[in-house]
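Structure assessment
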Amino acid sequence: MRSKGQGNKIDLWKTSSGGDVTSVLSDEILLHVFRLLSPSSSSSSSNYSLVCKRWMRLYGLLRLSIKVQDWTFLETGRMSIRFPNLTDVDLTRASVVLPAVSNKGSSILLTHQGLTVQLSFDAVDPASIERCIEDQQLSPARLDKGLKILADSYPGLQRLCVVDVRRQTRIGSGGDGFVAVEGLGEVVDNYFDFTPDSKKRGEKKKKKNGEKEEAQGFNEEKEEEDNDDDNDEDDDDSFFKVEAKQDSSVVAKNWTGPIQQLSMKKNKSWTEAGISSIAKNCPMLQELELYQCTDETLRAISACENLQIVRLKGSITGFYHCTFTDIGLTILSRTFRRLVRLELSGCEASYEGISAIGKSCAMLEELTLSNKGFYEGWVAALSFLTCLKTLKLEGCKQIDRNPGPIQRLGRCKAINQLQLVRCDLRDRVGFAALLAVCVSTKELEFQDCWGLDDDSFSLAASCKSVRLLGLAGCSLITTAGLVVVVQACKDLQRLRVTFCDNIRYSELTPALCNRFLSLMEFSWRPDTKSVLAAGLAGTGVGQKGGRFFTRRG
């Protein structure tokens, strides 16, 4: 080696012939070595994919999931070249294109469930915030183009998270939203027909030909047939309406206000959209998460027959408003018959939608309802879910204002777990109806629920088969209310009480303590103040005139 300059350095990565040392190893051996690496090392491509282009290409073959940040990465085709074997794709963050930050100051960022948007300084009300979000989202044309590229590049796709930026007109009119009517299945059959367009046109032409041959000659029939073909194309863009009237065939159910007129526009883009190409070209798709979901979106993905896990998110307060109704849930029930887990958030549905899911989706085991809940009467439809094992209500402001007589409600006999998270339980009628339907539950859990006091919590004593009882953040429940439910549940084996300030150690009776000793699992941390006082007992800290700590200079 020379003392100055570059000198004759030795490249350890090159042999005497000038080739790579790892070139003697085949791709199969290197892939096997990469698979044996620890998850912390293989999760990031910066560990070994930056060594050389060959290693980067091999790492791309092993990558199965990705969260896309930039939509152009998918749109230009670079993602399919870089990662050709993806089965899990998340496109939610790429649906928003953040503008460049101005030099005058930093902008305000609004984040919700992985979606981040940049608000302008004049976004002060929900309407201006929603307009700001719409301006930063992708255009429908770019969404369709990217999804078609995704469908063509990954036919073996198994999981997809996407935001549908096409905002169609909301079904129904009036401030209260959708009207629940009987005979909704006929509405879906007539206006959401699943028959292919070519078959329908062929049957229509055949019927018209038979009628014309009896009345007119062959030549006149030929001319009128050509005119009918032109009219068929115009019919595809026409409006069709469904009127809900109070008669024997269509009767409003659980509705006290005036019956509204439902209208929907039949749009050609539903079947030609990119999300429809995902349904047609990805037969192995099993898990789907849709943001800004509407009835039109559910119609577009109706070709997905193997879906097992579906998460639909419509309206989000303060973020955007795109909702789906009973019509969309009926379409979902008739196409996704293999559903095992279903999550509905921000929808406007009622008895008809839940009952349609229960009648068609016989394999459904887990149902999650959140954000605003449903309209009146939906609790009675839970009895149609014969295989439902887990029911979770999250963020429901009101359970059910008019569930009907409790004596006439059905039962979910297979239910095993009932969870209520951040729900408003001040309405005792709806809460009592929910417990009556889920009376056979084995696990009952409450977390940060409003209005859950001793009177409301005493209704849980009717669920005598409970084996696990969980209370977290229920500050209104006292020790007396807990004793009533614990004594009623004879089969109780596990008890979890955390952050319930009105349940105190000093109020426990000897009989209740003996019952706690017989439990298989006992998690007890109700009053944080008493726990702190017990831990500081004898130290003199926290008492008047006791010890204190000072900082020395």
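- An unreviewed UniProt entry lists the chain under the name F-box domain-containing protein, with Sphagnum troendelagicum as the source organism.

Description of the overall build of the chain
- Counting its secondary structure elements, the chain contains 20 helices and 17 strands.
- Within the span of the chain, comprising 553 residues, buried residues form 42% of the whole.
- Within the chain, counting contacts between residues at least 6 apart in sequence, those at least 24 apart form 70% of the total.
- Per element, the accessible surface of the chain, about 29700 Å² overall, is 50% carbon and sulfur.

Focus: unusual backbone geometry
- In this structure, Gln292 is a non-glycine residue whose phi angle is positive, near 55°.
- Structurally, Gln292 can be placed in the loop between β8 (287–291) and α13 (295–300).
- Gln292 sits in the buried class, given a relative accessible area of 0%.
- With a phi close to 55°, Phe499 is a non-glycine residue in the positive phi region.
- Turning to its location among the elements, Phe499 is positioned in the loop between β16 (494–498) and α19 (510–517).

Re the pattern of salt bridges
- Applying the stated criterion to the full structure yields 14 salt bridges.
- For Asp88, the salt bridge is made with Arg159, and the minimal N-O distance between the two is 3.0 Å. Of this pair, Asp88 sits in strand β2 (residues 88–90) while Arg159 sits in strand β5 (residues 159–163); the two residues are 71 residues apart in sequence, bridging distant segments of the chain.
- Residue class for Arg159 comes out partly exposed when judged on its relative accessible area of 23%.
- Residue Lys313 pairs with Glu289 through a salt bridge whose shortest N-O separation is 3.3 Å. Separated by 24 residues along the polypeptide, Lys313 in strand β9 (residues 309–313) and Glu289 in strand β8 bring together distant segments of the chain. Pair check on accessibility: Lys313 and Glu289 agree, each one buried.
- Residues participating in the shared-partner salt-bridge network are Asp88, Arg159, Glu287, Glu289, Arg311, Lys313 and Glu343.

Focus: the packing of aromatic side chains
- Tallying each qualifying case throughout the model produces 6 aromatic pairs.
- Judged by centre distance (6.1 Å) and plane angle (70°), the ring pair of Phe431 and Phe446 falls under edge-to-face. One end of the pair, Phe431, is in helix α16 (residues 428–437); the other, Phe446, is in strand β14 (residues 443–447), with 15 residues separating them in the sequence. Comparing Phe431 with Phe446 shows no difference in burial state: the two are buried.
- Ring geometry for Phe516 against Trp524: centres 5.4 Å apart, planes inclined by 45°, an arrangement best described as tilted.
- On the accessibility criterion, Trp524 (15% relative accessible area) is buried.
- Feature note: the residues Phe431, Phe446 and Phe457 constitute an aromatic cluster, connected by ring pairs.
- Against the face of Phe83 rests Arg63, its NZ or CZ located 5.7 Å from the ring centre.

Focus: the packing of helix α14 (residues 326–335) against helix α15 (residues 351–360)
- Between α14 and α15, the least distance of the axes is 8 Å, while the angle of their chain directions is 5°. With respect to α15, the axis of α14 lies roughly parallel. Judged by residue contacts, Asp326, Leu329, Thr330, Leu332 and Ser333 of α14 engage Glu352, Gly353, Ala356, Ile357 and Ser360 from α15.

Let's talk about the pairing of β14
- Where strand β13 (residues 417–421) and β14 come together, 5 bridges link them in parallel fashion. Bridged to Leu418 within β14 is Leu444.
- As for the winding sense of the linkage, the β-α-β connection from β13 through α16 to β14 is right-handed.
- Inspection of the sheet shows β14 paired to strand β15 (residues 468–472) by 5 bridges, in the parallel sense. Residue pairing in the sheet places Phe446 in a bridge with Leu471 of β15.

Focus: the state of the cysteines
- Enumeration over the complete set of coordinates arrives at 0 disulfides.
- Cys412 carries a free sulfur, and the closest cysteine sulfur to it, the one in Cys438, is 5.1 Å from it.
- Under the relative-accessibility criterion, Cys412 is labelled buried at 1%.

Things to note about the environment of Asp88
- With 71 residues separating them in the primary sequence, Asp88 and Arg159 have C-alpha atoms 4.6 Å apart.
- Beyond its immediate sequence surroundings of up to four residues, Asp88 is in contact with Leu64, Ser65, Ile66, Leu157 and Arg159.

Description of the pairing of β9
- Burial within β9 is extensive, with 5 of its 5 residues counted as buried.
- Burial along β9 is two-sided: the face carrying Ile309, Arg311 and Lys313 and the face carrying Val310 and Leu312 are both buried.
- The pairing of β8 with β9 spans 5 bridges and is parallel. Paired with Tyr291 across the strands is Lys313, a residue of β9.
- Viewed along the sheet, the connection from β8 through α13 into β9 turns out right-handed.
- Both β9 and strand β10 (residues 341–345) contribute to a ladder of 5 bridges, which runs parallel. Paired with Ile309 across the two strands is Arg341, which belongs to β10.

Examining a nonpolar patch on the surface
- Taken together, Val24, Leu25, Ile29 and Val33 make up a surface patch of nonpolar side chains, about 340 Å² in accessible area.
- Mapping Val24 onto the fold places it in the segment before α1 (27–35).

Topic: the environment of Asp455
- When you line up the elements, Asp455 lands in helix α17 (residues 454–457).
- For the pair Asp455 and Arg428, spaced 27 residues apart in the sequence, the C-alpha separation amounts to 9.0 Å.

Looking at the side chain of Thr498
- Residue placement: Thr498 occurs in strand β16.
- For Thr498, a relative accessible area of 17% puts it in the buried group.

Digging into the confidence of the model for the chain
- When pLDDT is averaged across the chain, the result is 75; 67% of the residues are at 70 or more.
- pLDDT under 50 marks residues 168–198. Its contacts with residues more than four places away, or in other chains, come to 70 contacts.
- The model gives residues 217–222 a pLDDT under 50, and that stretch makes 4 contacts with residues more than four places away or in other chains.

Calculation rules
- Residues numbered from 1 in each chain as written.
- Predicted model: local features only at pLDDT ≥ 70, side-chain atom pairs only at ≥ 80, totals over all residues.
- Heavy atoms only, no water.
- Helix = DSSP H or I, 4+ residues; strand = E, 2+ residues; numbered from the N terminus.
- Buried < 20%, exposed > 50% of the residue type's maximum accessible area, 1.4 Å probe, protein only.
- Contact = heavy atoms within 4.5 Å.
- Areas by Shrake-Rupley, 256 points an atom, 1.4 Å probe, with all protein chains shown as cover.
- Salt bridge = Lys/Arg side-chain N within 4 Å of Asp/Glu carboxyl O.
- Phe/Tyr/Trp six-rings, centres within 6.5 Å; stacked < 30°, edge-to-face > 60°.
- Lys NZ or Arg CZ within 6 Å of the ring centre and 35° of its normal.
- Axes fitted to C-alpha atoms, helices over the stretch in contact; angles between N-to-C directions.
- Parallel < 35°, antiparallel > 145°, perpendicular 65-115°, else oblique.
- Pairing = 2+ DSSP bridges.
- Right-handed = clockwise from strand over helix to strand, strands pointing away.
- Disulfide = S-S within 2.5 Å.
- Patch = residues over 30% accessible without salt bridge, like charges linked within 9 Å, V, L, I, M, F, W, Y side chains within 5 Å.
- pLDDT = per-residue confidence, 0-100.

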